[in-house]
Amino acid sequence: MSSLPPYAQITPDAALAGLDGPTSSDGFAQIARACEAGRDDLAGRGLAEDGSRKLRRFSTWEITRYLIPVAQAHFRRVLKQNLDLPQGTTETEGGAKWFTLDEVQRLRAFFAAQGSKTKDYLPYRPKGLPAKMVAVANFKGGVGKTSTAAHLAMSAALDGYKVLVIDLDSQASMTSIFGGKVDDEWQTVFPLLARHYASHLRVDNQRRLDRGDAPIPLDETLDEALKIKAADLIQGTHWPNIDLIGAQLNLYWAEFQVPVWRMQARGWKLWDALTDVLEQDGVLDDYDVVFIDTPPALGYLTINGLAAADILLVPVGASFLEFDSTGRFFDMLHTTFSSIEDGENLAARALGRPEMAFSWDAVRAVVTRYDGSQQAELAALMQAYLGKTLSPHRQDFTALIGQAGEQVQGIYEADYRDFNRETYARGRETFDATYAAFKALLVGTWRRDELASTQAAE
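What counts, and where the lines are drawn
Residues numbered from 1 in each chain as written. Predicted model: local features only at pLDDT ≥ 70, side-chain atom pairs only at ≥ 80, totals over all residues. Heavy atoms only, no water. Pairing = 2+ DSSP bridges. Helix = DSSP H or I, 4+ residues; strand = E, 2+ residues; numbered from the N terminus. Buried < 20%, exposed > 50% of the residue type's maximum accessible area, 1.4 Å probe, protein only. Contact = heavy atoms within 4.5 Å. Axes fitted to C-alpha atoms, helices over the stretch in contact; angles between N-to-C directions.

(A) Spatial organisation of the sheet that holds strand 3 (residues 97–99). One open sheet accounts for three strands, arranged 1-3-2; its pairing is antiparallel. Edge strands, defined here as strands with exactly one partner in the open sheet, are strand 1 (58–59) and strand 2 (89–90). Bridge count for strand 2 against strand 3 is two bridges, and the pairing is antiparallel. Paired with T90 across the bridge in strand 3 is K97.

(B) Unusual backbone geometry, seen in detail. Unlike most non-glycine residues, A172 shows phi in positive territory, near 65 degrees. Position of A172 relative to the elements: it lies in the loop between strand 5 (163–167) and helix 7 (173–177). We classify A172 as buried; its relative accessible area is 11%.

(C) Spotlight on the sheet that holds strand 9 (residues 311–316). What the eight strands build is an open sheet, ordered 6-7-5-8-4-9-10-11; its pairing is mixed. Each edge of the sheet is formed by a strand with only one pairing partner; in this case those strands are strand 6 (235–236) and strand 11 (390–396). Both strand 4 (residues 132–136) and strand 8 (residues 289–293) contribute to a ladder of five bridges, which runs parallel. By the bridge assignment for strand 8, V134 is matched with F291. Across the face of the sheet, helix 14 (residues 300–308) comes into contact with strand 4, strand 8 and strand 9 while running at roughly 140 degrees to strand 4. Lying on the sheet, helix 16 (residues 372–386) is in contact with strand 9, strand 10 (362–370) and strand 11; it crosses strand 11 at an angle near 165 degrees.

Written out as structure tokens, the structure is:
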């Protein structure tokens, strides 16, 4: 006779004996402190002696295979002939040479200037055009949204692009990945949104005075925000060509404050706040690619990130529930942005002004954490229904992902010697392919802009 299932063997007294006491609101604080202590312990592993994050070095093998398209023998020959170039360091007598990413950038620039003209040593970046902004969004949790954004940022940096990462999620996972230090909401995008509103309010107040109406006073928060530029919030990371505007728990209060401002000034275009401020402060001229990690909800911060984006990436798992949820996410995007357009264009038509329309250069859903042995049929069905909207590349879940995560690292931060060269090469293939699919969108949209700009100038 088979034994009863475990849930049928629970007695009230045994259940009571295993129960701890009730939890109060103070209990949440205790749990939060325990998590913080554990997080600090994990994040502190592998830090430099001064407590900062430090990016590992890259070997000659990695550089010539992944970063600079030259043969190893030619690479070594060039270094020997140009002693003013970085020569790398060795950890053992006669061992492999290892280079910092800064040194790789110097070597890449040298090959671009002196190497074969038939090879692309530097990534494509048309002159005179602004950075491309990329939002990674989905309100379904667990789809690898932040991980995808972080690895794409690292990939772009390894490819030679200068990258800015903006964390709009108050959970601040992206900020943790890049070792950001954010004490309060005044070191997040919050003051930039407040500045945009304050600037609008000053103009609106002048109109009020002209009409003989009383102005809306700017409070201390708005006065302070007017003094803050994006450069005041941007911090460097352990990646030499990745900078960060971080997030922190208090950023969530923006979701409550923004609608209050909107009620005070109905004419304020809150969805343009992030875009306008970054343009005004020259951020889009200082970087090549800006990655925006959004909260897993369609709130005001997410709306700002999506409205700012040129390219929208939506990570999705190959499961029925995630496919269903992602469909609802796109439906909410349609409802939200169509509603904004309808409201704005009603007034525009009445005043004889041009109508507005949101537009994105490219929108792609990306299958993440893919298991081909279990999910191939559903992924194929998703591809059939979504067509080009679903990227044909599916990001596999590999053992390397789990191992790197245990060491609090991105895949590209992991030293291949902790695995072995072949395991590392196989493990990063899926991320390289994810970046390749993204880079095709990036380069394609830039090229389209470049041709349009040339045509307009003729």
